[in-house]
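# Summary of the model geometry
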Amino acid sequence: MIDARIRSMFPPAGDVADRVDSHWQLLLVVGSVVWLVVVTAMLVAVLRRRRAEREERDDDVPGDEPGRGHLVVAFLGGVAPALIILGIMADSVLTLRDTGAATDASRAPVVVEVDGRQFWWEVRYPDHDVETANEIHIPTGQDVRIELTSDDVIHSFWVPQLAGKVDLVPGRTNVLTLHADEPGTYWGRCAEYCGLQHAWMRFVVVAHDAPEYAGWLEAQARPARSPDRVDDGDDQPGGDETGGDDGPGAGPDTEVAAGREIFMSSSCVYCHTIAGTEARGTLGPDLTHLASRQAIGAGVLPNDRESLARWITEPQDVKPGNAMPGTELDDDELDALITYLESLE
Ligand code: CUA
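All chains use their own residue numbering, which begins from 1 and follows the written sequence. Local features in this predicted model are restricted to residues whose pLDDT is 70 or higher, and side-chain atom pairs enter the listing and the counts only when it is 80 or higher, whereas totals over whole chains, interfaces and linings include all residues. Processing note: side-chain calculations cover all non-hydrogen atoms of the structure and skip hydrogens and water entirely.

For helices the rule is a DSSP run of H or I covering at least 4 residues; for strands it is a run of E covering at least 2, with both sets numbered from the N terminus onward. Expected helix span is computed as 1.5 Å times (number of residues minus one). Compared with an ideal rise of 1.5 Å per residue, which puts 15 residues at 21 Å, helix H4 (residues 251-265) spans 22 Å between its outermost C-alpha atoms and is within 8% of the ideal. The rule is simple: take the accessible area with a 1.4 Å probe, protein chains only, and divide by the maximum for that residue type; under 20% is buried, over 50% is exposed, in between is partly exposed. Burial in H4 covers these residues: Asp253, Val256, Gly259, Arg260, Ile262, Phe263 and Met264.

Our next topic: the sheet that holds strand E3 (residues 130-133). The strands making up a sheet associate through backbone hydrogen bonding, with each pair oriented either parallel or antiparallel. Any two strands are treated as partners once DSSP identifies two or more bridges connecting them. The strand order across the open sheet built from five strands is E3-E2-E1-E5-E8, with neighbouring strands paired in mixed fashion. Single-partner strands in this sheet number two, and they are E3 and strand E8 (174-178). On average, each strand axis in the sheet is inclined to that of its neighbour by 25°, with strand direction left out of account. Alignment of strand E1 (residues 110-117) against strand E5 (residues 144-150), held across seven bridges, turns out to be parallel. For aspartate 115, the partnering residue across the bridge sits in E5 and is threonine 149. Note on geometry: axes are lines fitted to C-alpha atoms, helical ones only across the stretch in contact, with angles between N-to-C directions running from 0 to 180 degrees.

Here we take up the nonpolar core. In this structure, Ile136, Ile146, Phe157 and Leu178 are the most contacted members of the largest nonpolar core, which totals 34 residues. Working definition of a nonpolar core: buried Ala, Val, Leu, Ile, Met, Phe, Trp, Tyr and Cys residues. They are joined through side-chain atoms within 4.5 Å. One finds Val269, Leu308, Ala309 and Ile312 within the second-largest nonpolar core, a separate group that totals 27 residues.

Let us look at the confidence of the model for the protein. For the protein, per-residue confidence averages 87 on the pLDDT scale, and 86% of positions sit at 70 or higher. Within a predicted model, pLDDT stands for the predictor's per-residue confidence, ranging from 0 to 100. Here, residues are in contact when the closest pair of their heavy atoms is within 4.5 Å. Counted against residues more than four places away or in other chains, residues 229-249, with its pLDDT under 50, gives 13 contacts.

Moving on, we get to the layout of surface pockets. Definitions used throughout: a 1 Å grid over protein atoms alone; a cavity as a set of points that fits a 1.4 Å probe which cannot get out; a pocket as an open set with protein on both sides within 12 Å along at least five of seven lines; a lining residue as one with an atom within 4 Å of a point. Grid points are joined across faces, edges and corners, and a volume is the space filled by probe spheres set on the points. Empty space within the second largest pocket amounts to approximately 720 Å³. Around the second largest pocket, the lining comprises 40 residues; the ones closest to its centre are His272, Pro285, Leu287, Trp311 and Met324. Breaking the lining of the second largest pocket down by element, the ones donating at least two residues are strand E10 (202-208), helix H5 (268-271), strand E11 (295-296), helix H6 (305-313) and helix H8 (331-342). Here the residues of the lining of the second largest pocket sort into 24 nonpolar, 10 polar and six charged. Lys, Arg, Asp and Glu make up the charged group, whereas Ala, Val, Leu, Ile, Met, Phe, Trp, Tyr, Cys and Pro make up the nonpolar group; the residues left over, Gly among them, are polar.

Put into structure tokens, the structure is as follows:
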């Protein structure tokens, strides 16, 4: 599902991307015109030279008188390039100003912190106490201020259809504005070589209209659902919940509970957080709402049972060099663990 997507800056899908696109169009047009003029001038020069040589041979008359050509050379070779380069520079500076950091944080109502890791993306919504990974949800029609940091090496954040690239540099915070006009899913990736799995450091930006975005934020801010909590007072947001799980003790819940037990008693807890449980690790992605995500391993596998099983048992085969060690479990344990992970919506 992931490889089939075309990653291209066309068509641009928001204000910032539009500005980059118009700068690109300018470069294309100016570059094409310059190329045409240069090639034409070259051809004319060659042809004239040949004709002059022929005429010289025929009637022994010297060719063009020198002098007039110098003006043409001075203009085409000096003045015109200088004007063109100055013009392009001016538009580059204006493009940078328009697309770059909305350094004034108040201009962007939505703030998302993105931390580059080898080889995945930690995503935090500081105003909402939400943390996720490899998936950035934004509202449409608004400037979103992305604050980019890195704890290990230099990465680069790139969502071709929404904005230009900005590096994540250890020790500093860089800022980028994202703006999506229409709801949709936009692919992003790391654009700076950062190690063995640089190519599999991918993410998606999902743009929602305002109510849907609010709903997503609210769902992500809740602690993980767990079999322990089925009973206690989790039923006030029941408005949009379909009446699926009615009552404790049902079969699936038992397996979820067993899987939860396996998670909490294995090494998983040292690296992963699941809000509302004792799992508080920070080395790997927060798994509180893992089941709501499209992919795992920063885009390397779709998020389904089979892929989760591969990822848990042989992550180094799937994505060599990533930080996750394999976990040895028998089939029943693995099944229960995956059922638990799939309950984390
Ligand atoms: Cu991170 Cu390339």
